[in-house]
Amino acid sequence: MAFLNIKDLKTVVKKDDTKVMAQAIRCRMMDMNNSKELEYLLATQEYQVKLVCCAVEGNGVVLVREEAEEMLVEGENEPVVVTHVAHGKVWATLTRQMEKVDMVMNQLKKFGGTLKTLSDVTVGRLAAGKFSEDGQMYRCVVEDVLLGEKKGVVRYVDFGNKEKLGLGELYELPEDLLRVPSLAVCVKVEGVDRNKLEELVYEENVSVVVENKFGTFFIDGKNMTDTHLVATLPPPLVLPLHCHVEGEVVHVSPGGLIWFTPAYLSSSLDKMMDRLSVLSPTPVIRVMVDMACTARYSEDGELYRAKVKEVFNDKVKVFFVDFGNEETKNVEEMLEIPEDFLDFPPAAIDIVPARIFNREQREEVEELLCGKKVSVMLTVEGGREFARVYMDKEEVVFGQERSSARREMMKNIQPLHGDLSGLPIGVGIPANLGYLDSVREVWVIPTKVQEKLDKVMDMLAGQQDWEKEDHAEVGTMCVTMFSEDQVLYRAMVITLLGAGKVVVRFVDFGNHEEKFLSELWKITPALKAVEHCAESVKTSWGMEDSLVNREMVEEVLGKEEFMVEVDEQGFATFYRGDDVLLPLVDSAPTDVNPMVITADDSDDVAVALSYIESVGVVWVTPVAVQEMLDSLMGQLADMGDKLVPLKDVVVGSMVVARYMEDMELYRARVVEVVDSKVTVIFIDYGNYQVSDSSSLYKLPIEVSEDRVAPSAVKVIMPGGEEWEDTEENREVVEALLEKENLTLNKKIGIFSVHGEEIYFSKFLKSKIAKNQKIGSNLVMQKDVPFKQSFYQERECLREESNQASGPLANLEQFLTEREKDRQADQSTTDLDMSDQAVYEEEAVPGHSPHKFQASAAKNKYSGRWSVGDRVVAFWMVDNMWRVGVIHELFKNEAYVMCPEDQRVKPALVEISHLKPMGVPVDALNKMEAEIAGRRKDDAKQIADLHQRSVTDGNRNKIISSAIKTTNSTTDVKMMTPSLLLTAKEDDLCIFARTGAGSRYLQTLVSPENKKLCEKMVTSILSTDPLRMMTNPVSCFLIQKLIGYLYILPKSQQYDLLTPIKKNFSKLSLSAYGYHVVQAAITNLGLEQRETFILELENRVMLLSLLKSKYGTFVAQAGVPFFQLRTVTSLVNNLLGHVVELGCHPSGTFFIQQFLAQWGPSSIMDLLVEDILRHLRSLVHHPQGTYVVQALLKARADYHHMAMVTKWMVTNMEAVCKDKAAVQAIRCLIYLLSDKIMENMETQCSKLLDQMVNKLTDSAQQSRPLIIQASCHPVGHMLVVGLTKMGKKMGTDSRRRMLEMMMTYRSVLMADTHGCVVINNLQ
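The text that follows walks through the structure, step by step, so that each part is easy to find. (Residues numbered from 1 in each chain as written. Predicted model: local features only at pLDDT ≥ 70, side-chain atom pairs only at ≥ 80, totals over all residues. Heavy atoms only, no water.)

1. Some remarks on the overall build of the protein chain
Note the threshold: Strands here mean DSSP runs of E at least two residues long; helices mean DSSP runs of H or I at least four residues long; both are numbered from the N terminus. Each residue is placed in one exposure class: buried if its accessible area under a 1.4 Å probe, protein chains only, is under 20% of its type's maximum, exposed if it is over 50%, and partly exposed if it falls in between. Accessible surface area values rest on a Shrake-Rupley calculation with a 1.4 Å probe, where residue burial reflects the displayed protein chains alone.
On a plain count of helices and strands, the protein chain comes out with 44 helices and 56 strands. A total of 1322 residues make up the protein chain; the buried ones form 50% of that total. Approximately 63,000 Å² of the protein chain is accessible, and the part contributed by carbon and sulfur atoms is 50%.

Below, the structure written as structure tokens:
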């Protein structure tokens, strides 16, 4: 069958009276070159068939007949029954033709066995064939003849499906059935998910509308095929933070963006461009926004990859993805893109420069940067990512620093937002309402300017020829038309939205509106000279800014003229005559904070730290609103699928945004819009984030700011401007404020814990004095709980820093005379008990205890203790047990103070070294003394050996020999921290590579032993760090050191991490080295961890790790810490490898964890689709089945469960015989059960019904499939799972299943597995 016109055919003979010629004429195709292609085309049914091929005689001669009517009318909504779905095509039968279908089927059934076998099987012949699945006879057309197999490919013309039949299985049709036209018509669809199309087969009330040769299907009038899957490119690459990336600037956009191509993409881009240059692609059939295509650039005529941005009439705006520029083309100029060009990501990456430039400066910037070899470094400034461009290691200077430009912009806009009212203070001014921005800001028009306003309106109406405004910046004055009355007004640009859009405020009335740049006209000098007529005033009303209150205010003020008076604080009072309009309060409520901090309120409020904006500015949440905030978060989470995407993003608008760190939804306010990037502040927490405008949602009214006030309170701390805003200082502030019982004095902004004020200046570096000293009277002050020097660096408390005194002075005998002369380490505690502080420390925080606080995994002791407990603790500095009080509690340690003796310095004590009160302290100390005595005897041997060797001056050899002979636990007892500190690096490494030595060294890794830890790291780095990291024993020591990395100097931290990063692949694939990389990813901070996680974005690296039984643990360790850019990269890298990795004994665990962590995110859609396309390969594999189960748990929505259910039902015969597949379908059954419990009975119950119906309706070996499965060693578990869900499926399905079980009860009772089913049923 062919989509042909009469003009394409030439009649060569007249009609005969023969059987075939009764309904056909012999015709010849003109300009026919390929006979095989012709046969295929003639065998393909299209929706507008007028000519139907009956036979092909060769040499371009065909027998055709003309249809009596056109099957589908263009543009008409036709009711149909969908019978078959193929790729891009749907076969359907018009509802009005169903009677003919029944007539044809009855006649074929009647003729049955009397039909003659078709003697001449050729392409295009109409015949009758028996469908293999039901044994019924149907009309069909031969599409291909496979002589080697002696079979023909036929399509059933009344239903659209096709299959292979033997040549002897095709029969001649009766003459009257030859005259009946094909009753199934083929409708083309474009870019629609096949699973969605297949749902049409089972639906009623389906209709179709054909337009431009493509069909759109409806169910009950609802469009069901509007989800187009167009050709798309991978998302652009994301540049790493804080790294110089070399490359080339390819374009500078008018919107202020710079398009950059990294050097590592250049060679691939050149090869791709060479391949594109020889292509001659065909025009695209249908143009859609966001589709990938190719187009020729007008300036050079070359072919480039492109993406459709806008379609308007017959014009298309395209974006050249590899070079960053745009161009408007005609629709017919849009060309197809071959599939192999879709894998390469866009080579041009857009970056927001840290320096801003205007349109006039753009050409200068373009000339300065384009085509030049530069390096780009992406940094985070003010919560946003900005790029700085470098050339020859020096930053390229252009335009203006974005931060200073923003300050200038805000300075220009300030009057427009009412911060400075132009009305006189203390004087009542008659005015009328101009515009109500909110109940807190009102625009008024003084009566005295009414004449001026009339003059402005007359001037606007009298001007005829307006010049278009081709460029606009914030503060630009212009003329534009108000959309509601189509009248021209003066306006000022207050926000740039990008994409040619701006927000303007009408300066004579106060209202604002979003406009395209093309809708603005240049203002004349005369109009510009007239002062603005509208004035903004702040109100002192205490009401909520709700729609109801706005309407009330507008009604009260809009009635007639009123008097407005502004006080010294800038708040306005409105009145008519002697009556004050609307209620008043003493002060205006804040826009952000739910808790108003007033001058006369001195009460303390319990708060919790929320966010640190800077060292001097923090956000806190009142404890009183925490329950309300939790409820709000629950509401937002439940609204996830119901939220409406925000189309127009305007500065100041309230939105719902997804936080990148945890992918949860939060309320936010838009504070800046640059092109498609939007900066928002999360009003309930205070932190900022840059999001894509497409990822924002409208804020539902039930969780609006009017209904639920913002929870975050901004606190500007006194003296904060004097402190350095460094990461180190921020960590200290966070550690000081992350406390229970934290309170805030609203009067003066002072924080306290347990009533004790926090003195930040004692711990923070000042801009003036960076090494400010803490007085000795503060270090050991009696009643100072947490403000002591806990956050300062602790040196090695195991060695004796003051060699002249203390209980451990007997270790002096191990030192040579030369060693005694060295300067004593004054950084640790002198154990001489005196009434004064033993030393003076610098207020320089050495580490941040919050890095190992209780949020980490707890050990077996951590749940026993809490802050304030009195305990018996072990002070390792002098090996003494004492009664102490827990002041701070961390993951593995507690900060304990000794209240009985103020001269004893507080210490960090391991949790395992805490005992409950009641344990005899004297007995514990006696036991420690006995142990110390035995150790002293063991050490005496070394002392004697040492003494005999003093004359040689070769002490290091003796220590080395002691270390080298350490092969047992007994020998380890002879080791002391002092010996280790003076040992050679090689010897220390040898010691670390022994089992006992490694374990001993690990016990010494702690903040108290800072010097010794530095010694260990120096020794590891000075020998062979790679060997130490891959050694089965010493690798665990390095893991421990990484866990306490913060106690090391910055230089040593860098030196220790460098070999791990350089040997990332080798270590990750090592049987022991992978532990080191895993520890680095798990324990390091965000920036340091990111350097390792970015390695996983390399496809080769990722695949090699996932296929390694060691490397997979490294990849899994990074999953919880992935940034969105990494997730996107991994999704692209995993596409095409899902089956291979999902069925791999190592790779499958990463895929499962990746789905569990990120599966619900839309970023994973492509990976999810890939898994669904390969269900057969995964479901039947022992490892692959767990990937499918992980997908179902991550995407436990109806849509995905329906797709998997459909596949399971279609392949039920194979599923119920395979153990892995049964595991997957049982998982699906239980997930459906959970959904039914969540009030989704109708949809999910139907899915259970489909499974039951398949099992009861299908037969195998003369028995229902459900009975066969019940007697199968594996399949009976599927039936057991379904019987447990009996109450959750439909009544009919449950009844049919039970009746069938009872009918075959004797069969089931005679089988071992069947008995299990019966017992479970009972």
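2. Section: the sheet that holds strand 43 (residues 677-682)
Stated formally: In this analysis, strands are considered paired if DSSP registers two or more bridges between them.
Ordered in space as 44-43-42-41-45, the five strands form an open sheet in which the pairing is antiparallel. What marks the edges here is a single partner per strand, and that holds for strand 44 (688-692) and strand 45 (697-698). The pairing of strand 41 (residues 654-658) with strand 45 spans two bridges and is antiparallel. Counterpart to Val656 in the pairing with strand 45 is Tyr697.

3. Description of the side chain of Arg355
How we decide: The definition of a polar contact used here is a pair of N or O atoms within 3.5 Å, where within protein one atom must be able to donate a hydrogen and the other to accept one, and adjacent residues in sequence count solely through side-chain atom pairs.
Within the secondary structure layout, Arg355 lies in strand 23 (residues 355-356). At a separation of 2.7 Å, a polar atom in the side chain of Arg355 contacts the main-chain carbonyl oxygen of Phe398.

4. Digging into the packing of aromatic side chains
The criterion, for reference: Any pair of Phe, Tyr and Trp rings, taking the six-membered ring for Trp, is counted once the centres come within 6.5 Å. Such a pair is stacked with planes under 30 degrees apart, edge-to-face with planes over 60 apart, and tilted for the rest. As a reminder, the over-ring test applies to NZ of lysine and CZ of arginine, requiring each to be within 6 Å of the ring centre and within 35 degrees of the ring normal.
According to the stated counting rule, one finds 29 aromatic pairs in the structure shown. When the ring of Tyr659 is compared with that of Phe682, the centres are 5.6 Å apart and the planes differ by 75 degrees; the resulting orientation is edge-to-face. Here Tyr659 is found in the loop between strand 41 and strand 42 (665-674), whereas its partner Phe682 is found in strand 43, with 23 residues between them in sequence. Note on Tyr659: relative accessible area 23%, which makes it partly exposed. One aromatic cluster is present, built from ring pairs that chain together Phe131, Tyr138, Tyr156 and Phe159. The residue whose ring lies beneath Arg275 is Phe341, and the NZ or CZ to ring-centre distance is 4.4 Å.

5. Some words on the sheet that holds strand 48 (residues 750-753)
Put simply, the rule reads: Contact definition: two residues touch when any of their heavy atoms are within 4.5 Å. The axes used here are C-alpha line fits, helices contributing only the stretch in contact, and every angle between their N-to-C directions lies in the interval 0 to 180 degrees.
With respect to topology, six strands assemble into an open sheet ordered 46-40-39-47-48-49, the strand pairing being antiparallel. Two strands lie at the open edges of the sheet, namely strand 46 (713-716) and strand 49 (756-757), each paired on one side alone. Pairing of strand 39 (residues 604-614) with strand 40 (residues 617-622) involves six bridges; the strand directions are antiparallel. Bridged to Ser614 within strand 40 is Val617. Helix 12 (residues 727-737) contacts strand 39, strand 40, strand 47 (742-745) and strand 48 of the sheet and is inclined by roughly 160 degrees relative to strand 39.

6. Side note on the pattern of salt bridges
Rules: What counts as a salt bridge is simple: a side-chain nitrogen of Lys or Arg found within 4 Å of a carboxyl oxygen of Asp or Glu.
Evaluated as defined, the whole model comprises 28 salt bridges. Here Arg362 ties to Glu366 by a salt bridge, and the two come within 3.7 Å at their closest N and O atoms. Here Arg362 pairs with Glu366, and both are found in helix 6 (residues 359-369), just four residues apart, close to one helical turn. Taking relative accessible area as the criterion, Arg362 reaches 18% and is therefore assigned buried. The shortest N-O distance in the salt bridge between Arg490 and Asp508 comes to 2.6 Å. Here Asp508 lies in the loop between strand 32 (501-505) and strand 33 (512-516) and Arg490 lies in strand 31 (residues 487-498), a separation of 18 residues in the sequence.

7. Topic: the pairing of strand 48
Within a regular strand, the side chains alternate between the two sheet faces. Side chains of strand 48 alternate between two faces, with Ile750 and Ser752 and Phe751 and Val753 buried alike. Pairing of strand 47 with strand 48 involves four bridges; the strand directions are antiparallel. Residue Leu744 lies in a different strand from strand 48, and its bridge partner there is Phe751. Two elements, strand 48 and strand 49, share two bridges in a ladder whose sense is antiparallel. Along strand 49, the bridge assignment pairs Ser752 with Glu757.

8. Some words on the nonpolar core
For the record, the criterion: Buried Ala, Val, Leu, Ile, Met, Phe, Trp, Tyr and Cys residues that are joined via side-chain atoms within 4.5 Å together make up what is termed a nonpolar core.
With 121 residues, the main nonpolar core has Phe1122, Phe1150 and Phe1154 as its most contacted residues. The residues touching Phe1150, leaving out its near neighbours within four places in the chain, are Leu1106, Thr1112, Ala1115, Gln1116, Val1119, Phe1122, Leu1130 and Leu1134. In terms of nonpolar packing, the next biggest core, distinct from the first, is built from 36 residues, Met272, Tyr297, Tyr304 and Val318 among them.

9. What to know about the packing of helix 26 (residues 1073-1083) against helix 27 (residues 1086-1093)
Here is the rule: Here is the rule for angles: anything less than 35 degrees is roughly parallel, anything more than 145 is roughly antiparallel, 65 through 115 is roughly perpendicular, and the remaining ranges are oblique. The hand of a helix crossing depends on one turn: near helix anticlockwise from the far one by less than a right angle means left-handed, and clockwise means right-handed. Gly falls in the polar group here, along with every residue not listed as nonpolar (Ala, Val, Leu, Ile, Met, Phe, Trp, Tyr, Cys, Pro) or charged (Asp, Glu, Lys, Arg).
At a closest axis distance of 8 Å, the pairing of helix 26 and helix 27 adopts a crossing angle of 135 degrees. Judged by the angle between their axes, helix 26 and helix 27 are oblique. Crossing of helix 26 against helix 27: the hand is left-handed. Taking contact as the criterion, the partners of Ala1080, Ile1081 and Thr1082 in helix 26 are, on helix 27, Arg1089, Phe1092 and Ile1093. Taken together, the residues of the contact of helix 26 with helix 27 sort by class into four nonpolar, one polar and one charged.

10. A short note on helix 12
Inspection of helix 12 places Asn729, Val732, Val733, Ala735, Leu736 and Leu737 among the buried residues, and these make up the whole buried set. Considering only its buried residues, helix 12 is in contact with strand 39, strand 40, strand 47 and strand 48. The opening residue of helix 12 is Thr726, an N-cap whose side-chain oxygen sits 3.2 Å from the backbone nitrogen of Asn729.

11. A few points about the environment of Lys501
With respect to the secondary-structure elements, Lys501 resides in strand 32. Between the C-alpha atoms of Lys501 and Asp648, which are 147 residues apart in sequence, the distance is 9.9 Å. If we ignore the near neighbours within four places in the chain, the residues touching Lys501 are Leu496, Glu514, Lys515, Phe516 and Asp648.

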